[in-house]
Amino acid sequence: MSNYYLPLHFALIGLFAFPASATADENDAKLLHKNLQNFSSDDLTRQKNSREQWQQRCFELSRPANSSQRSAACREMMRALSGKLTRSTSLFLLQQVERIGGDESVEGLVRLLGDADKIVADAARRALANNPSEKAAHSLERALAIANSDTQIVQLINSLAFRKDYQDLETLTLFLDHSSPQVVVAAAAAVSQAATDEAAQILIESLRLQQSKLIAPSALALAAAIREAGNLAQARRLYEAVLRSNPSGVAHAVAIFGAIACSGDSVADDLLARLNDGDEFVRQAAINFVSHVDESELDAVLRGQSDLPNDARTALFIALGTRRVAAAQEFLIEAASNTVDDGLRIAAIEALGDVGGSDVVPLLLSLLDTSNEGVAKAAAKALGDTQDPQVDKRVFRELESTNDNVRRETLISILNQRRWPKLADVAVDELGSDSEAARRRSIGILTRLGTVEHVTAALLLVDQIPSQDFGRFSKAIVAICSRIPNSNTQAQPVIEAYASADRSDRPRLLSIIGTIGGKNAADFVNQRLEGNSGEEAEAAVTALANWPDASVVGTLLKIAQRGETESQRIRALRGIARVAVLPNSPLSESQQLKVLTQAMKLTTRLDERKLILDRAKAVDLIESVRFIRPFLDNTDLREVACKSITQIGRIKSLRDQYPELVDDLRRIIEVVQDEKVRERAKNALLEI
Amino acid sequence: MQKKFQLTQRRGWIKSATASMALPMIVPSSVLGRDGATPPSERIVMATIGTGGRGTGDMRAFLGFPEVQMVATCDPVREHRDRARDMVNQRYKSKDCATYNDFREVMTRDDVDAVLIGTPDHWHALITIEACKRGKDVFCEKPECLTIRQGRAMVDAARLYGRVVSGGSQRVIGDYGDVPRLVRGGAIGDVKEVYVSCGDPSGECYLPEEPVPDGVDWDMWLGPAPWRPFHSSLLKGKFRPYRDYSGGGMTDWGAHRFGAALFATGLHHTGPVEVSPPDGEDTPLLTYRFSNGTKFFHNGTKHNIPKYKNIVYRGTDGEVPGIHPPMLRRVDMEGYKGRGGIFGDFVHCVKTRELPFRDIEIAHRATTVCHLGNIAYWLNRKLRWNPETEEIIGDSEASRWLDRPMRGSWALS
């Protein structure tokens, strides 16, 4: 039998006296002991119930006001843990102690560090790590002092580091020169947690050791913490110590960055010097810092920028744009106009979009025409970004004055990027374009920027929208109308357009009216149903089937029962299946099911039956299961019935309350063809 | 040998980076210590660590990027890593993809620029931090951390080593499209309440013991988590309900939806100041209060208002989804960079050194909201939270839930 922490066990056993009979709260003690034997019961439901009951009590005991009861309960758990328990019960209790244990639990946990079962011993270690008592920290420290394997040492150091209250750096320092890399890493990390000058000094010293590469990550983390706390000088010493230790590429770059950041008043000088460094690695690492230069240092960097290599200047221009440094405009215009290096030029142009006002528009417009695609794209982007509202008008004037389609497209994209409301006027004009791309772009613009006036104008062109774009067009109209505050009148602009529309366009308009919905729309569609026949009535049924909510269910049911044509009745049934269970339905779940049940009775075809059974899965009631269940016997409908019942069967509370649902799931596992559904049914049954 | 340190700085990174002066900017590891390496702007060498369902799904997405070269898969389940390897080899029509049981072996590969972490949650922090130390960028699935302290340690490592560390919630923008723009643009006036629907907290695991199959390194799968006997469902993505490995539905979908709600309300750089569990009386839902008065409600499974699905924003002038006045003014808002959603955003940022959309700080803030909710649920008491110092105020016992000691020799050092 291996005894994982046996040496610790013997060494520590004498440190504490086992507590005399603890005065635990009697009720809690009773509750624990009543449940104890069931914690490892083979009957998983019993095991779960007993554990949940005790765990719930432990959570309750962790309330700040329950300190003495919490302590008593923990003593009771530790007493139980000192007896003979299964591993499973020990781990369960230790997890509770890990969560709520305090001073009272430490002695028992130390004993368990020496448990023969190393899984239990490790759980005890974790419980000590998360125990707020100082005694717990001291126990771990003592255990560390006598630990005799690298693994133990690592685990105990990690436990001390986890606590974040451990300050005895002297002990940890001894491990920084250890032969095991894992121990060195753990010790360095633990030291760095202290975030003090002393910790920094220890790591600076240790970076001279052979294992410096293992220590560098912790030194960098500590340096960042110290830097954030404002001690730049000490942080810089740490970064430089890392740099001296010949670090790996990543650590090297981080240290260069950090060293510049900690240069105090000479950040600009330090940065410029490194940006001009002959070592490419140093130069590239310094470039990382350019965007972080403090405002007060920017002037100095700007003055020195013209002598820098292009990659450094590019980074600088990007940073200037990001910070909207107005003073940089003249440097940027110069670079945007005259630079040969593409990267530098593009950075300057894009930065002008952030920095420049309307006075840079002529330059940017002229750059749109350049044959250099990157430069032209950057100019377009800059025009889209420029904050000055005058830019909209300048770009629009340019749009009005050109017939060049490519240029028009670019200018429209820029105005679209700028979300210029008047662009919707242009978009309406382009709805009838022969170009599919132009039409679709116009529809997109209308969706975002259109108003009721644009709806009226756009609907006049409805006959010019090809069928492949009608869905998009319809969504755009619906999107605009949905911005009308009164939901009952949202369809009004389309209703008004209907009156003057050609007969051939009316079915399309009715379908849009149905998709918008609302009271006005319902009245209007009902009138079309009652007073008309043929194409218009068919379109009215389609409109109802597209309705955005369940308010038209009654009408649809009537049509499903007494519709003039089979086509109407079928579409009504499909519409019922869709709208009855829409999210935010005003119908209760029972009402939803009732509607589906009524609809099912009216079906004559397999397709609608499948659809209704499929939609029934959205009604989370046992009655839904009872409605669907008979179809498990129907070979044509079995698969969809299985799927829907399995979907409802995911609800644990229903399974717990209605064993019949569990029986259904078992049956589904037997009969269903779809492997995914079978898997889902199995998983539902697994969840206890 | 002269170490190379080539860097192409691009605008966006600097723009984002100025928000954090602690961020040094380091190039991908492929240009460190190697002469003649392919420039990082052309090729990103990646490894996938954690190749179960989600990790493999993410890997498949990265395989679609021509500039990404996946060179290794790593998982303590042989079947998982081999299956992922075959997928990679099939994609490249080669047999070059290496497999590893232990992620530390991946870390020793200097040619790997970035890692995709698709492991269960209890591994995320350890692997992320080690990758940062090794100069590798990280795409880490959500929820990005198991505890609040782990999340902060991940942020610190990313900043210290100047790594691009992206969380993995593709839904903040992907699912909610223009909603954040509407909310930030003032479409509903001042946001007063946000109802966020997601699952409930995790709990203890009561699965029975099963024999460990051949090809499964169970000790490695557990890693820093407390020991328990093997059960096969844990390998199949069913670890989420269990506290030792995950925060449950609360952190699973909560990482998406609370992330989206924080982003839309502009609170994604801070956190709540108070978290109150439901009490069946005045507080029907778990309630977060922020210092500006905004309240978030957790619409969970046990405690919920059924009519609120997904995320609902209620403001002084309207509701989203729902009725609100038109919002036409221009709103500058962060979004994905590059092409290809959150994966493309990461690829783009690895090349340009910009901060990704789901930067680890943002991800940490989102998961912190979820974790605080879990703690309040578990302990069934109100928590006061300082989002600056990231400390629970006046409840040292609740503070013990901010982190957990790790098993064996594992530690965030």
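Residues numbered from 1 in each chain as written. Chains lettered and ligands numbered in written order. Predicted model: local features only at pLDDT ≥ 70, side-chain atom pairs only at ≥ 80, totals over all residues. Heavy atoms only, no water.

Enquirer: How should the overall build of chain B be read in this particular structure?
Expert: Tallying secondary structure elements over chain B gives 13 helices and 14 strands in all. Within chain B, the fraction of its 413 residues that count as buried is 65%. Long-range contacts, defined as pairs at least 24 residues apart, comprise 72% of the intrachain contacts of chain B with a sequence gap of at least 6. Taken as a whole, chain B presents about 14,100 Å² of accessible surface, with 48% of it coming from carbon and sulfur. (Helix = DSSP H or I, 4+ residues; strand = E, 2+ residues; numbered from the N terminus. Buried < 20%, exposed > 50% of the residue type's maximum accessible area, 1.4 Å probe, protein only. Contact = heavy atoms within 4.5 Å. Areas by Shrake-Rupley, 256 points an atom, 1.4 Å probe, with all protein chains shown as cover.)

Enquirer: Can you walk me through the overall build of chain A in this structure?
Expert: Secondary structure assignment for chain A yields 42 helices and zero strands. A compact globule built from 688 residues would reach a C-alpha radius of gyration of about 26 Å, whereas chain A, at 37 Å, exceeds it by more than 25%. A principal-axis box enclosing the C-alpha atoms of chain A has dimensions of 100 × 80 × 45 Å. In chain A, the proportion of contacts linking residues at least 24 apart, taken out of those at least 6 apart, comes to 62%. (Rg over C-alpha atoms; globule rule 2.2 N^0.38 Å.)

Enquirer: How should I be thinking about unusual backbone geometry in this particular structure?
Expert: Both trends apply: most residues other than glycine have a negative phi, and most peptide bonds are in trans. A cis amide bond, omega -10°, links Lys142 of chain B with the succeeding residue Pro143 of chain B. Within the secondary structure layout, Pro143 of chain B lies in the loop between β5 (137-140) and α6 (148-160). For the bond running from Val320 of chain B to Pro321 of chain B, omega is -5°, close enough to zero to count as cis. Within the fold, Pro321 of chain B resides in the loop between β12 (318-320) and α11 (341-352). A positive phi angle, near 55°, is found at Asn246 of chain A, a position not held by glycine. For Asn246 of chain A, a relative accessible area of 51% puts it in the exposed group.

Enquirer: Looking at this model, I keep getting lost on the pattern of salt bridges. Mind explaining?
Expert: Side chains that differ in sign of charge can pair as their charged atoms come close. Residues and elements named next belong to chain A. Under the defined criterion, the tally for this structure stands at 72 salt bridges over all chains. With its nearest N and O atoms 3.5 Å apart, the salt bridge here joins Asp620 to Arg650. Of this pair, Asp620 sits in the loop between α37 (606-616) and α38 (622-628) while Arg650 sits in the loop between α39 (638-648) and α40 (652-657), and the two are 30 residues apart along the sequence. The structure contains a network of salt bridges with shared partners spanning Glu436, Arg439, Arg440, Asp469 and Arg472. (Salt bridge = Lys/Arg side-chain N within 4 Å of Asp/Glu carboxyl O.)

Enquirer: Sorry, what's going on with the confidence of the model for chain B here?
Expert: Predicted coordinates in areas of low pLDDT are best not read in detail. All names here are of chain B. In the predicted model, chain B carries a mean pLDDT of 88, and 88% of its residues have values of at least 70. Segment residues 1-41: pLDDT under 50, and 136 contacts once partners within four positions in sequence are set aside and those in other chains are kept. Across the interface, the model reports ipTM at 0.91; the global pTM reads 0.75. (pLDDT = per-residue confidence, 0-100.)

Enquirer: Could you clarify how one ought to interpret helix α33 (residues 535-545) of chain A in this entry?
Expert: Since the α-helix advances by 3.6 residues per turn, residues separated by three or four positions end up pointing in the same direction. Taken across its eleven residues, α33 of chain A has nine buried, putting it largely inside the fold. For α33 of chain A, every residue scored as buried is listed here: Glu536, Ala537, Glu538, Ala539, Ala540, Val541, Ala543, Leu544 and Ala545 of chain A.

Enquirer: It is not clear to me how the sheet that holds strand β2 (residues 68-74) of chain B should be interpreted in this structure. Could you clarify?
Expert: Note: strands within a sheet are paired through backbone hydrogen bonds, in either parallel or antiparallel orientation. All names here are of chain B. The strand order β3-β2-β1-β4-β5-β6 describes an open sheet built from six strands, whose pairing is parallel. Across the chains shown, the open sheet's two edge strands, defined by having one partner strand only, are β3 (98-100) and β6 (165-166). As paired elements, β5 and β6 share two bridges and run parallel to each other. The partner of Val138 across the bridge, within β6, is Val165. Helix α2 (residues 53-63) contacts β1 (44-49), β2, β4 (114-117) and β5 of the sheet and is inclined by roughly 160° relative to β2. Where helix α3 (residues 78-92) meets the sheet, its contacts fall on β2 and β3, and the angle it forms with β2 comes to roughly 160°. (Pairing = 2+ DSSP bridges. Axes fitted to C-alpha atoms, helices over the stretch in contact; angles between N-to-C directions.)

Enquirer: Help me understand the interface of chain A and chain B, please; the structure alone is not making it clear to me.
Expert: Note: interface size is frequently given as the accessible area lost on complex formation between the parts. Listed per partner, the contact involves 86 residues of chain A and 73 residues of chain B. Across the chain A to chain B interface the summed buried area is about 6,700 Å²; carbon plus sulfur atoms make up 57%. The tally of links between chain A and chain B comes to one salt bridge. Across the pair Arg99 of chain A and Glu204 of chain B runs a salt bridge whose closest N-O atoms are separated by 3.2 Å. Broken down by element, the residue count for the side of chain A that touches chain B peaks at eight residues, all from helix α3 (residues 44-61) of chain A. (Buried area = accessible area lost by both parts, 1.4 Å probe.)

Enquirer: What is the right way to look at the packing of aromatic side chains in this model?
Expert: Think of a pair of aromatic rings as described by two things: how far the centres are apart, and how the planes are tilted against each other in angle. Tallied over the full model, the rule gives 27 aromatic pairs over all chains. Arranged with centres 4.7 Å apart and planes meeting at 65°, the rings of Phe39 of chain A and Phe92 of chain A form a pair that is edge-to-face. Pair noted here: Phe39 of chain A is in the loop between α2 (26-36) and α3 and Phe92 of chain A is in helix α5 (residues 87-100), with a separation of 53 residues, a long-range link. There is no split in this pair, since Phe39 of chain A and Phe92 of chain A are both buried. Judged by centre distance (5.2 Å) and plane angle (80°), the ring pair of Tyr336 of chain B and Phe357 of chain B falls under edge-to-face. A residue pair is termed long-range when its members are at least 10 positions apart, and Tyr336 of chain B in the loop between β12 and α11 and Phe357 of chain B in the loop between α11 and α12 (360-379) qualify at 21 residues. By way of ring pairs, the aromatic residues Phe62, Phe65, Phe139, Phe343 and Phe346 of chain B are connected into one cluster. In this structure, Arg528 of chain A packs its charged tip against the face of Phe524 of chain A, placed 4.2 Å from the ring centre. (Phe/Tyr/Trp six-rings, centres within 6.5 Å; stacked < 30°, edge-to-face > 60°. Lys NZ or Arg CZ within 6 Å of the ring centre and 35° of its normal.)

Enquirer: For this particular structure, what's the right way to read the pairing of β1 of chain B?
Expert: The side chains of a regular strand alternate between the sheet's two faces. Residue and element names in this part refer to chain B. Where burial is concerned, most of β1 is hidden: six out of the six residues are buried. Here β1 shows no split at all, with Ile44, Met46 and Thr48 on one side and Val45, Ala47 and Ile49 on the other all buried. As for the winding sense of the linkage, the β-α-β connection from β1 through α2 to β2 is right-handed. Pairing analysis gives four bridges linking β1 to β4, with the strands arranged parallel. (Right-handed = clockwise from strand over helix to strand, strands pointing away.)

Enquirer: Just checking my understanding: could you explain a positive patch on the surface for this structure?
Expert: A surface patch of like charges, here positive, comprises Lys643, Lys676 and Arg680 of chain A together with Lys238 of chain B. Inspection of the secondary structure assignment puts Lys238 of chain B in the loop between α9 (218-222) and α10 (249-264). (Patch = residues over 30% accessible without salt bridge, like charges linked within 9 Å, V, L, I, M, F, W, Y side chains within 5 Å. Lys, Arg positive; Asp, Glu negative; His and termini not counted. Charge placed at Lys NZ, Arg CZ, Asp CG, Glu CD.)

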